[in-house]
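Here is what each chain is made of, one letter per residue.
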There are 2 protein chains.
Amino acid sequence: MLCQGRSSPTKEKYAMEHNLIHGSISNIKLKLEDIQDAHNKIKNQIIATPLLDAKYIGKYFCKVMFKCENLQTTGSFKARGVCNLIANMETSERSKGITVSGGRNFLSAISYYGLQNSIPINVVIPKDAPLADKQRYRESSAIVKCLGCDATEASLHALNFSRDVGSTFVRSTDKLELLAGYGTVGLEILTQVDKLDAVLCPVGSGGLVASVLLAIKTLKPNCLIYGVECSLSPTVTKALQEKKPVPIQTKPNIADSLSEMITGTNSYNIIRGYLDKMITVDDTWISRAMVKLFEREKMFVEGAAACPVAAMLAGKVPELRGKNVVVILSGGNINSNRVAPIIERGLLAEGRLLNLTVTIYDSPGSIAKLIGRVTDAGADIRSISETKSAQKDLSIKVTLLLEVNDSSHGEEIQQKIVKDYTVSEINSI
Amino acid sequence: MLCQGRSSPTKEKYAMEHNLIHGSISNIKLKLEDIQDAHNKIKNQIIATPLLDAKYIGKYFCKVMFKCENLQTTGSFKARGVCNLIANMETSERSKGITVSGGRNFLSAISYYGLQNSIPINVVIPKDAPLADKQRYRESSAIVKCLGCDATEASLHALNFSRDVGSTFVRSTDKLELLAGYGTVGLEILTQVDKLDAVLCPVGSGGLVASVLLAIKTLKPNCLIYGVECSLSPTVTKALQEKKPVPIQTKPNIADSLSEMITGTNSYNIIRGYLDKMITVDDTWISRAMVKLFEREKMFVEGAAACPVAAMLAGKVPELRGKNVVVILSGGNINSNRVAPIIERGLLAEGRLLNLTVTIYDSPGSIAKLIGRVTDAGADIRSISETKSAQKDLSIKVTLLLEVNDSSHGEEIQQKIVKDYTVSEINSI
């Protein structure tokens, strides 16, 4: 039995599965012609997404353009790979149906293009997958099976299921047909921009960055290609350190669609020789980047897509000053229930929300006095809660979530409060 | 003194101000040439926003294309009007500086283009304006004054202030230079689309819809132009009923940037003769439309921009079946703190969140049993709270916020719960 209690995927378990499918590290198998061929095969089924100038990100530093794959058919670049994969399948394989497991973006894409091409799709996801995801796949007529306690277990269940029912099992990463499709992002960028010095790309298992790198460096060798991944799932960073793909233990993070446990071999073979820079960014910078993308650029993106912007905001690409930079907004498939906490986290990190727990003496008018103090200082109260505890003194704890102008305004308010009250916690969310 | 306590703007007060500025109802003053002239003057300072195909909205019903003014320089179409207004100002007027009051989108635009053109800008806003708004204007070097308890009072303060300091007062609505700028949205649409049967446009004081109507109907008379406004601020609907602009009492609503108290006279003169249909939509449909625009189209929009989509979702345009329809996404300047409650409201209205208050007997394991019941039925618990009250029986009230697949799934869960428990409230948020 695979699912015995709730456990994290282990490296051993993953390696076991991994060996079932992957070949060994060798030369680069993906060719520019494969990407050009994919472009011709899929161009009528996918969206040639717009390349839009940034209005705020990079202002006074460099020229930033967004390649809007969040506006792709199924909300991410995965549509391109899946569309090419299906276009290259034999009729006999198609007629057996396809069984898949993997991330939200891949599964949304394969469900959608399965329906478009009348191919039955079986999606296997872990038992705790979000309801909204299940519903999305079902809308595209996919059969959804909830098996296993995590992504690795679901993947093994999918493999077993496909054998049982005789359908075609498709791995969600590193297949050459997928990479060739992803690479069309690079081809399109080259037709959309005259001056191009660098491309910043979010990185999960490395498929997008590798294929875009291959397309662009072949045609425009001087263009820099940077990869950016989340510090809680540094898959490619680790592979580059170890000089081979190695399974890593990922931790839950905002850029969840990048949480791949191992770099794809085909991707690694491209990345290792040619990637100009690999950057990691933490959740705090990703949430700040998302707030900027929402508020200033009006771009609805998922955490993964915000990683390159996070790298810019965090000052990790000083060498790009004055350059023409394309940032790939890889996708926009964020769960609606996660939007609010991410915005709140970003505003806290920006210093525009301030969370304070203040101990006050419980006497008539004491809460009103505290409230008066913060509002007179120009803060706006978003929420207030109060805890009485059975202490020997008559103190109560009041927790305030305050909207302030910026971090220096927040600082000023803190100083005013600290003068008169005991502040036990600041920004603890 | 204007600000005596917190009162709503009265019709009388507004009419008083209104008469200071407006002319009488007469013939149409805006000409196509004004819009063409505006286009030439502003084209290098504004963004020719993309027209993007909808992926979900209108699917299986008609072809929808989004004119993305949310991606305009300052996040709304107002940039076009303000840019043209400034382009037409005499050097002497510019050098005195400009004093303004009005909505967020107008003030963001004038602050931005004031800075671009080295014109000092004084912004007068009510005392309770959101902090984030003030901060945005200040970032563009505007001087921000917080005067008056509401928009009308702020407007009167602005007028007085401009007289005191000798700066140029600019009204935020109905000026011909503004309308001519807004009309360039219509000109651009005509260059971006081959087949066009109808344009759906959000409506506040009527400036955008009137100017777009004039541009499009002059060049393509058979194209339908529809206006959509929020049922809590039915400004133009009321004007059309009364056959003249009349001040109305607006109520707080999700589409706050449309909350104008009176239709502009210049706009009304165009609308009354030529608008094909005027539609109102309620807050519930607007929140549902916003969720669809975020989730399915990855379009970050404000409530106003979602009104035409709300009209489509609510089935208010059945005659557009099979047509080619452009929806103007007028802006994306939504306060970050409002995003979460709007999404929650939209999901509740969609039936994807379910809010239940259940009375249970307070015995060991009773809450765990209730939780088991809802999770076994496939719901995901977003929040739970419990209230003990000093009643004669030992009952407690448990309030659950549940994520469910859709409304029929929610219905099924309700039925299961109702069988065993007393359900006192459903969807009360």
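These numbers come from a predicted model, not from an experiment. (Residues numbered from 1 in each chain as written. Chains lettered and ligands numbered in written order. Predicted model: local features only at pLDDT ≥ 70, side-chain atom pairs only at ≥ 80, totals over all residues. Heavy atoms only, no water.)

**Let's talk about the overall build of chain A**
Which entries qualify depends on this criterion: Secondary structure elements follow DSSP: runs of H or I of four or more residues count as helices, runs of E of two or more count as strands, with numbering from the N terminus. It is over C-alpha atoms that the radius of gyration is taken, and the globule rule equals 2.2 Å times the number of residues to the power 0.38. Three exposure classes are used, based on accessible area relative to the maximum for each residue type with a 1.4 Å probe and protein chains only: buried under 20%, partly exposed in between, and exposed over 50%. Two residues form a contact once any of their heavy atoms are found within 4.5 Å. Two residue types count as positive, namely Lys and Arg, and two as negative, namely Asp and Glu; His and chain ends fall outside the count. For this purpose, a charge sits on NZ of Lys, CZ of Arg, CG of Asp or CD of Glu.
Of regular secondary structure, chain A possesses 17 helices and 14 strands. Compactness check: chain A gives a C-alpha radius of gyration of 24 Å against a globular reference of 22 Å for 429 residues, within 12% of the reference. Counting every position in chain A, which comprises 429 residues, the buried fraction comes to 57%. Contacts spanning at least 24 positions in sequence make up 74% of the contacts within chain A whose residues lie at least 6 apart. Taking the 51 positively charged and 44 negatively charged side chains of chain A as two groups, their mean positions are separated by 2 Å.

**Quick word on the relation of the copies chain A and chain B**
Basically, it comes down to this: To superpose the copies, least squares is applied to the C-alpha atoms of every residue with a pLDDT of at least 70 in both.
Placing chain A over chain B gives an RMSD of 0.0 Å and needs a rotation angle of 180°, together with 0.0 Å of translation along the axis. The superposition of one copy onto the other is thereby described by a two-fold rotation axis. When the interface residues of chain A are mapped onto chain B, 100% of them are again interface residues, pointing to one common binding face.

**Focus on the pattern of salt bridges**
Residue and element names in this part refer to chain A. Inclusion rule: We define a salt bridge as a contact between a side-chain nitrogen of Lys or Arg and a carboxyl oxygen of Asp or Glu at a distance within 4 Å.
Counting across every chain of the model gives 42 salt bridges over all chains. The salt bridge involving D256 is made with R338; its shortest N-O contact spans 3.2 Å. Of the two residues, D256 sits in the loop between α11 (235-242) and α12 (265-274) while R338 sits in helix α15 (residues 336-350), which places them 82 residues apart along the sequence. A salt bridge links R382 to E403; the nearest nitrogen and oxygen atoms lie 3.1 Å apart. Here the residue R382 occupies a position in strand β12 (residues 380-388), and E403 occupies one in strand β13 (residues 395-403), the gap between them amounting to 21 residues. The class of R382 is partly exposed, set by a relative accessible area of 36%. Judged by relative accessible area, which is 5%, E403 ranks as buried. What you see here is one network of salt bridges that share partners, running through K67, E69, R80 and E188.

**Observations concerning the nonpolar core**
Quick note on the threshold: The set of buried Ala, Val, Leu, Ile, Met, Phe, Trp, Tyr and Cys residues whose side-chain atoms join them within 4.5 Å is what this entry labels a nonpolar core.
With 95 residues, the main nonpolar core has F66(A), I286(A) and I286(B) as its most contacted residues. Look past the residues within four positions of I286(B) in its chain and what remains in contact with it is C230(B), I254(B), A255(B), V281(B), G303(B), A306(B), C307(B) and A310(B).

**Focus: the sheet that holds strand β13 (residues 395-403) of chain B**
All names here are of chain B. We apply this condition: The rule for pairing is simple: two strands pair if DSSP sees at least two bridges between them. Axis angles are defined between N-to-C directions and span 0 to 180 degrees, where every axis is a line fitted to C-alpha atoms and, for a helix, only to the segment in contact.
Spatially, the four strands line up as an open sheet ordered β12-β13-β11-β14, and their pairing is antiparallel. Single-partner strands in this sheet number two, and they are β12 (380-388) and β14 (422-426). Neighbour-to-neighbour, the strand axes of this sheet turn through a mean angle of 25°, independent of strand direction. As defined by bridge partners, strand β11 (residues 353-361) adjoins β14 across four bridges and the pair is classed as antiparallel.

**Observations regarding the interface of chain A and chain B**
Put simply, the rule reads: We define buried area as the total accessible area lost by two parts upon association, computed with a 1.4 Å probe and summed across both.
Chain A puts 42 residues into the contact, and the matching count from chain B is 42 residues. Together, L131(A), K298(A) and F300(A) form the three largest contributors to the area buried by chain A at its contact with chain B, with a combined 21%. The tally of links between chain A and chain B comes to four salt bridges. The partner of R296(A) in a salt bridge is E139(B), with the nearest N and O atoms 2.7 Å apart.

**A closer look at helix α2 (residues 32-42) of chain A**
All names here are of chain A. Condition: By definition, the arc is the one covered by directions from the helix axis to the C-beta atoms.
For α2, the complete set of buried residues consists of L32, I35, A38 and I42. The buried residues of α2 occupy one face: seen down the axis, they fall within an arc of 120°. Contacts made by the buried residues of α2 are with α3 (78-87), α8 (176-182), α9 (184-192) and α10 (207-219).

**Here we look at the packing of α9(A) against α10(A)**
Residues and elements named next belong to chain A. To keep it simple, the criterion reads: Any angle that is under 35 degrees is reported as roughly parallel, and any over 145 degrees as roughly antiparallel; angles of 65 to 115 degrees are reported as roughly perpendicular and all others as oblique. Here a crossing is called left-handed whenever its near helix is offset anticlockwise from the far helix by less than a right angle, and right-handed whenever the offset is clockwise. Basically, the charged four are Asp, Glu, Lys and Arg, the nonpolar ten are Ala, Val, Leu, Ile, Met, Phe, Trp, Tyr, Cys and Pro, and anything else, Gly included, counts as polar.
Two numbers describe how α9 lies on α10: the axes approach to 7 Å, and their chain directions differ by 40°. Classified by the angle their axes make, α9 and α10 are oblique. At the point where α9 passes α10, the crossing takes the right-handed sense. Residue-level inspection shows V185, G186, L187 and L190 of α9 in contact with α10, the latter providing L208, V212, A215, I216 and L219. Among the residues making up the contact of α9 with α10, the classes are represented as eight nonpolar, one polar and no charged.

**Let's talk about the pairing of strand β7 (residues 198-202) of chain A**
Residue and element names in this part refer to chain A. Note the following rule: Here, the term right-handed applies to a crossover whose path from the first strand over the helix to the second runs clockwise when the strands point away from the viewer.
Burial within β7 is extensive, with five of its five residues counted as buried. Covered by surrounding structure in β7 are A198, L200 and P202 together with V199 and C201, the residues of both alternating faces. The pairing of β7 with strand β8 (residues 224-230) spans five bridges and is parallel. From the neighbouring strand, P202 faces β8, where its bridge partner is V228. In this view, the connection linking β7 to its parallel neighbour β8 by way of α10 has right-handed handedness. The pairing of β7 with strand β10 (residues 324-329) spans three bridges and is classified as parallel. By the bridge assignment, A198 is partnered in β10 with V325.

**With respect to the sheet that holds β7(A)**
Residues and elements named next belong to chain A. As summarised here, the arrangement of the six strands in space is β1-β2-β10-β7-β8-β9, forming an open sheet in which the pairing is mixed. Of all the strands in the sheet, just β1 (51-53) and β9 (277-281) have a single pairing partner and so form its edges. Recorded for the sheet is a direction-independent mean angle of 25° between the axes of neighbouring strands. Both β8 and β9 contribute to a ladder of five bridges, which runs parallel. Looking at the pairing, C230 lines up with V281 of β9. Of the strands in this sheet, β7, β8 and β10 are in contact with α10, which crosses β8 at around 175°.

**Quick word on unusual backbone geometry**
All names here are of chain A. Phi angles above zero are rare outside glycine, and S118 is one such case at about 55°. If you trace the backbone, S118 turns up in the loop between α5 (104-116) and β4 (121-125). Overall, the relative accessible area of 67% leaves S118 in the exposed class.

**Observations regarding the side chain of E260(A)**
Residue and element names in this part refer to chain A. Position of E260 among the secondary structure elements: in the loop between α11 and α12. Of the side chains bearing the opposite charge, K78 lies closest to the buried E260, which forms no salt bridge; the N-O distance is 5.0 Å. In this structure, E260 is in contact with T173, G204, S205, T235, I248 and T250, ignoring residues within four places of it in sequence.

**Side note on the packing of helix α2 (residues 32-42) of chain B against helix α3 (residues 78-87) of chain B**
The relative placement of two packed helices is expressed as an angle between their axes plus a distance between the axes. All names here are of chain B. Orientation of α2 relative to α3, taken along the N-to-C sense of each, is 85°, at an axis distance of 9 Å. On the basis of the axis angle, α2 is roughly perpendicular to α3. Across the interface between the two elements, A38, K41 and I42 from α2 touch R80, C83, N84 and A87 from α3. Of the residues assigned to the contact of α2 with α3, the class counts are four nonpolar, one polar and two charged.

**What about the packing of aromatic side chains?**
Residue and element names in this part refer to chain B. Quick reminder of the rule: Ring geometry is summarised as follows: Phe, Tyr and Trp rings, the Trp one being its six-membered ring, pair when their centres sit within 6.5 Å, and such pairs are stacked at plane angles under 30 degrees, edge-to-face over 60 and tilted between the two.
Applying the stated criterion across every chain, the model contains nine aromatic pairs over all chains. Between the aromatic rings of F77 and Y182, the centroid separation amounts to 4.8 Å while the plane-to-plane angle is 75°, which identifies the pairing as edge-to-face. On the criterion of sequence distance, the pair formed by F77 in the loop between β2 (63-68) and α3 and Y182 in helix α8 (residues 176-192) is long-range, its members being 105 residues apart. Note on accessibility: F77 and Y182 belong to one class, buried. On the numbers, 5.5 Å between centres and 15° between planes, the contact of F294 with F300 is stacked. F294 gets classed as buried once you look at its relative accessible area, which sits at 2%. When its relative accessible area of 1% is taken as the criterion, F300 is described as buried.

**Some details on the confidence of the model for chain A**
Residue and element names in this part refer to chain A. Short version of the rule: pLDDT is a residue-level measure of predictor confidence that goes from 0 to 100.
When pLDDT is averaged along chain A, the result is 90; 93% of the residues meet or exceed 70. Here residues 14-25 is modelled with pLDDT under 50, and outside its nearest four sequence neighbours on either side it reaches 27 contacts, counting other chains as well. Under the prediction, the complex receives an ipTM of 0.89, its pTM being 0.91.

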